Amino acid sequence: MKNEKSENILNKKEENMSYYVPKKNEFQIDAQKENMWNNSKGLVEKITREGWQKYICGLGELAKRLFEEKKKNEILCMDEGLSSVGDEVTGCVGSAGSGILLTKSTGEYLTEEELANYYLGIGLDKIDSFSAHANCGAAKKRFGGTQEESDQKAKKFLQTVAETVNKTFRYHKELTRPEEFHIAVVGYYIGTEDFNLKELVGKNKLPEGFRISRRYFDKLSGKADAKLAVEIALNHGFCNKFSKENPFVLVAVADPDNAEFSLEKMKEELEEVVKKFSDKVRVDGFTAPSKK
């Protein structure tokens with residue numbers, strides 16, 4: 001005699017295998033977070049002891065690959081779970097939600113057309129594609145509702161932006177971080193035209209961090225992204241693990257060939273951001289190798 005309940009469960013399993021994937025419990029999440037924190041903390045401590053400038057210079061040819069010019073770029077979210085995006089020809093320009101949190105002087109968010117026009121103004125000839133991703137905090141902040149609903153609205157919004165300027169669109173379903181929490185221990189505040197994180201994060205030469213492409217956005221937008229990065233790290237990341245002894249670090253990546261993005265100016269902007277937080281956050285930075 002068939003067990004009707006069991007048969008229904010089997011049918012459900014065939015329809016949706018994810019129905020049977022067990023979610024991590026709090027103990028598993030805490031253990032994973034502890035392990036990832038210890039690994040990241042050790043690398044940041046090593047770099048801090050040596051000094052960011054000396055450390056980067058010590059990487060030699062490997063560091064130069066961080067700043068190699070790419071033939072094209074993808075507009076993507078600053079989320080550290082996308083640090084592996086990019087390849088030999090494609091670089092990345094990062095902003096919260098791929099720019100969906102950019103605002104007008106009135107404080108209103110840009111529309112699809114306005115965001116498209118904004119990107120036209122920053123040199124779209126080098127931009128090949130736009131993207132959105134699953135589990136996006138910026139999408140939730142702008143559109144509200146459930147995470148799934150806000151992700152879908154962000155996806156549709158950025159697809160429209162891409163179509164408006166005749167560019168391709170990508171949707172990143174999977175991230176290189178756990179779904180349950182953020183693992184960024186730094187926020188890279190980037191004043192150089194190129195910064196190819198994939199080259200060194202995957203090799204454990206640089207810590208996981210938010211990618212804030214200050215070079216392509218105005219100071220107000222850059223600082224807003226830096227502030228959001230800190231808030232995410234302290235509230236949805238390693239949280240109370242950050243302390244005066246082991247702070248979240250906003251790292252200025254300065255351009256030696258452009259005075260507007262000098263180390264002094266970049267760090268000055270970031271110091272304005274950290275005033276709003278406790279000593280769990282500090283500013284550091286380095287100057288990239290000159291391309292002249």
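For the structure itself, consult the block above.
Draft legend 1. Layout of the sheet that holds strand β2 (residues 90-95). The four strands lie next to each other as β2-β1-β3-β4, forming an open sheet whose pairing is parallel. Only two strands of the sheet have a single neighbouring strand rather than two, namely β2 and β4 (168-172). Here the average twist between neighbouring strands, direction ignored, is 25°. Of the strand pairs in this sheet, strand β1 (residues 72-77) and β2 are connected by six bridges, and their pairing is parallel. Bridge pairing links leucine 76 to glycine 94 in β2.

Draft legend 2. Local environment of the sheet that holds strand β6 (residues 209-212). Taken in spatial order, the four strands of this open sheet run β6-β5-β7-β8, and their pairing is parallel. Both outer strands of the open sheet, β6 and β8 (281-287), are each paired with one neighbouring strand and no more. The average angle at which neighbouring strand axes cross in this sheet is 20°, direction not considered.

Draft legend 3. Broad picture of helix α9 (residues 219-236). Between its first and last C-alpha atoms α9 spans 25 Å; for 18 residues at 1.5 Å apiece the expected length is 26 Å, and the two agree. Within α9, the full set of buried residues consists of Ser221, Gly222, Lys223, Asp225, Ala226, Leu228, Ala229, Val230, Ile232, Ala233 and Leu234.

Draft legend 4. Seen up close, empty space enclosed by the protein. Summed over all chains, the structure comprises one cavity of 30 Å³ or more. In this structure, the largest cavity spans a volume of roughly 50 Å³.

Draft legend 5. How the structure looks around the nonpolar core. If you look at the biggest cluster of nonpolar residues, it comprises 84 residues, and the most contacted ones within it are Tyr188, Phe195, Leu206, Phe248 and Leu250. A per-element tally of this core places α9 first, with seven residues. If we skip the residues at most four places from it in the chain, leucine 250 touches Gly187, Ala226, Val230, Leu270, Val273, Val274, Val281, Arg282, Val283 and Asp284.

Draft legend 6. The arrangement of the pairing of β1 in detail. Across the six residues of β1, five count as buried, placing the element largely inside the fold. Here β1 pairs with strand β3 (residues 127-133) via three bridges, running parallel. Bridge assignment links asparagine 73 to a residue of β3, and that residue is isoleucine 127.

Cut-offs used in this document
Residues numbered from 1 in each chain as written. Predicted model: local features only at pLDDT ≥ 70, side-chain atom pairs only at ≥ 80, totals over all residues. Heavy atoms only, no water. Pairing = 2+ DSSP bridges. Helix = DSSP H or I, 4+ residues; strand = E, 2+ residues; numbered from the N terminus. Axes fitted to C-alpha atoms, helices over the stretch in contact; angles between N-to-C directions. Expected span 1.5 Å × (residues − 1). Buried < 20%, exposed > 50% of the residue type's maximum accessible area, 1.4 Å probe, protein only. 1 Å grid on protein atoms, 1.4 Å probe; cavity = no way out; pocket = protein on both sides within 12 Å on 5 of 7 lines; lining within 4 Å. Points joined across faces, edges and corners; volume = space filled by probe spheres on them. Core = buried A, V, L, I, M, F, W, Y, C linked by side-chain atoms within 4.5 Å. Contact = heavy atoms within 4.5 Å.

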